[in-house]
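One letter stands for each residue in the lines below.
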Amino acid sequence: GGSAVKVVAVRRTLRGFKVVGAARKRLLRAPTPEEAKTAAGKLLRDVLKSEGKHVGVVGLSGRDINLRVVPQPNTSPTNYRQMMFYEVEQARGSAGDLYADYCTLREPDSYFPQWLAMVGIGKSSYVDERLGLATSAGVDVRDAVPNSVALYTAYRNAYGVEGGTNLLLDIGADTIEMAIVRGGRMIFARNVSQGARTFDSNVMGMANLGAEEAEARKIQHGNL
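None of the values given here were measured: they were computed from a predicted structure.

Undergrad: Provide a residue-level description of the nonpolar core, including the pertinent values.
TA: Membership of the largest hydrophobic core comes to 29 residues, with the highest contact counts inside it found for Val5, Leu44, Leu60, Ile65, Met118 and Met186. Apart from the residues within four sequence positions on either side, isoleucine 65 is in contact with Leu60, Ile121, Gly122, Tyr126, Val127 and Asn191. Of all hydrophobic cores here, the second largest spans ten residues; its members include Val70, Ala91, Trp115 and Ile121.

So this is what it looks like as structure tokens:
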């Protein structure tokens, strides 16, 4: 994130994944982006001080990541994949400075007779920087995912399938991660840059608090 380095260690079990460790180290404000990157790398290495290679997945968030839900008509899986190939190519553009990929949220059924996909677009410079940061700390990076998708995955593994429609929110220092889940399936995801600042402003106005106190209350009552 922009204000802290967060690491979660998991171990695969017969029932899924089990959390075996977690750490959150706050990043101090640095005068330049290069110094901020150096500080984040040092914190990450401090957290991963155990010997050996770490296999990991890097989270992506902020204004350099864009997510959008794309419905596609009810057609064969082959035609659907071809349409999504063109969708991703169009999203990536010809400039070569973007990464793009998609995931299928749901297949056509009697309730929703369309394919529903989510396309993710990220600035290459931002994604490469994040991957390089993890690699320099000794992480064998296997994937990079939007934090809102990780939020959904954590929810699914912790709670299983719940009825109705549920809204998941991760309110960070700057960005809010959002996912909407219906019947155990994610149907919408988004990251809202500066959304957490707006959240703080509303807490300040409603509770008549200063900025630091509003942030402290948010962390006190909103943290896991």
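Undergrad: Describe the pattern of salt bridges, naming the residues involved and giving the relevant values.
TA: Across all of its chains, the model carries eleven salt bridges by this definition. Aspartate 64 is paired through a salt bridge with lysine 123; the nearest N and O atoms lie 3.7 Å apart. Taken together, the residues span a long stretch of sequence, with aspartate 64 in the loop between strand E3 (54–60) and strand E4 (65–72) and lysine 123 in strand E6 (residues 115–123) at a distance of 59 residues. Each member of the salt-bridge network shares a partner with another, and the members are Asp200, Glu215 and Lys218.

Undergrad: Can you lay out the packing of aromatic side chains for me, pointing to particular residues and giving the numbers?
TA: For the structure shown, the criterion picks out four aromatic pairs. A centroid spacing of 5.6 Å and a plane angle of 65 degrees characterise the contact between phenylalanine 85 and tyrosine 86, whose relative ring orientation is edge-to-face. On the accessibility criterion, phenylalanine 85 (44% relative accessible area) is partly exposed. Aromatic ring contacts, followed pair by pair, group Tyr80, Tyr102 and Trp115 into a single cluster.

Undergrad: Run through the packing of helix H1 (residues 33–47) against helix H3 (residues 124–136), naming residues and quoting values.
TA: One way to put it is that H1 packs onto H3 with a least axis distance of 9 Å and a crossing angle of 40 degrees. When the interaxial angle is binned, H1 and H3 end up oblique. The two elements H1 and H3 cross, and the hand of that crossing is right-handed. Between H1 and H3, the contacting residues are Lys37, Ala40, Gly41, Leu44 and Arg45 on the first element and Glu129, Leu133, Ala134 and Ser136 on the second. When grouped by side-chain class, the residues that make up the contact of H1 with H3 number four nonpolar, two polar and three charged.

Undergrad: Can you explain a nonpolar patch on the surface? Please cite residues and give values.
TA: A cluster of nonpolar residues, Val8, Val10, Phe17 and Val19, forms a patch on the protein surface that exposes about 380 Å² of accessible area. For the nonpolar patch, the elements supplying multiple residues, two or more each, are strand E1 (4–13) and strand E2 (16–26). Looking at the element boundaries, phenylalanine 17 is found in strand E2.

Undergrad: Tell me what's going on with the sheet that holds strand E10 (residues 185–192), and back it up with residues and numbers.
TA: Taken together, the three strands give an open sheet; going across it, the order is E8-E9-E10, and neighbouring strands pair in antiparallel fashion. Here the strands that pair on one side only, and so sit at the sheet edges, are strand E8 (165–171) and E10. Within this sheet the neighbouring strands show an average axis-to-axis angle of 15 degrees, counted without direction. Helix H4 (residues 147–159) contacts E8, strand E9 (176–182) and E10 of the sheet and is inclined by roughly 45 degrees relative to E9.

Undergrad: Explain unusual backbone geometry residue by residue, including any values.
TA: Backbone geometry at asparagine 208 places phi at a positive 55 degrees, although glycine is not the residue there. Looking at where asparagine 208 falls in the secondary structure, it is placed in the loop between helix H5 (195–207) and helix H6 (211–222). Among the residues examined, asparagine 208 registers a relative accessible area of 72% and is labelled exposed.

Undergrad: Could you give an account of a positive patch on the surface, with specific residues and numbers?
TA: On the surface, a cluster of positive charge is contributed by Lys6, Arg24, Arg26 and Arg29. Residue position: arginine 26 is located in strand E2.

Undergrad: So what's going on with the side chain of glutamate 177? Residues and values would help.
TA: Structurally, glutamate 177 can be placed in strand E9. For glutamate 177, which is buried and forms no salt bridge, the nearest opposite charge comes from lysine 6, at a distance of 7.7 Å. Separated by 2.2 Å, the side chains of glutamate 177 and serine 61 make a polar contact. In this structure glutamate 177 touches Ser61, Asn147, Ser148, Leu151, Leu168, Leu169, Asp170, Arg190 and Asn191, once residues within four positions along its chain are discounted.

Parameters at a glance
Residues numbered from 1 in each chain as written. Predicted model: local features only at pLDDT ≥ 70, side-chain atom pairs only at ≥ 80, totals over all residues. Heavy atoms only, no water. Core = buried A, V, L, I, M, F, W, Y, C linked by side-chain atoms within 4.5 Å. Buried < 20%, exposed > 50% of the residue type's maximum accessible area, 1.4 Å probe, protein only. Contact = heavy atoms within 4.5 Å. Salt bridge = Lys/Arg side-chain N within 4 Å of Asp/Glu carboxyl O. Helix = DSSP H or I, 4+ residues; strand = E, 2+ residues; numbered from the N terminus. Phe/Tyr/Trp six-rings, centres within 6.5 Å; stacked < 30°, edge-to-face > 60°. Axes fitted to C-alpha atoms, helices over the stretch in contact; angles between N-to-C directions. Parallel < 35°, antiparallel > 145°, perpendicular 65-115°, else oblique. Left-handed = near helix turned anticlockwise from the far one by under 90°. Nonpolar A, V, L, I, M, F, W, Y, C, P; charged D, E, K, R; others polar. Patch = residues over 30% accessible without salt bridge, like charges linked within 9 Å, V, L, I, M, F, W, Y side chains within 5 Å. Areas by Shrake-Rupley, 256 points an atom, 1.4 Å probe, with all protein chains shown as cover. Pairing = 2+ DSSP bridges. Lys, Arg positive; Asp, Glu negative; His and termini not counted. Charge placed at Lys NZ, Arg CZ, Asp CG, Glu CD. Polar contact = N/O pair within 3.5 Å; in protein donor to acceptor, adjacent residues only side chain to side chain.

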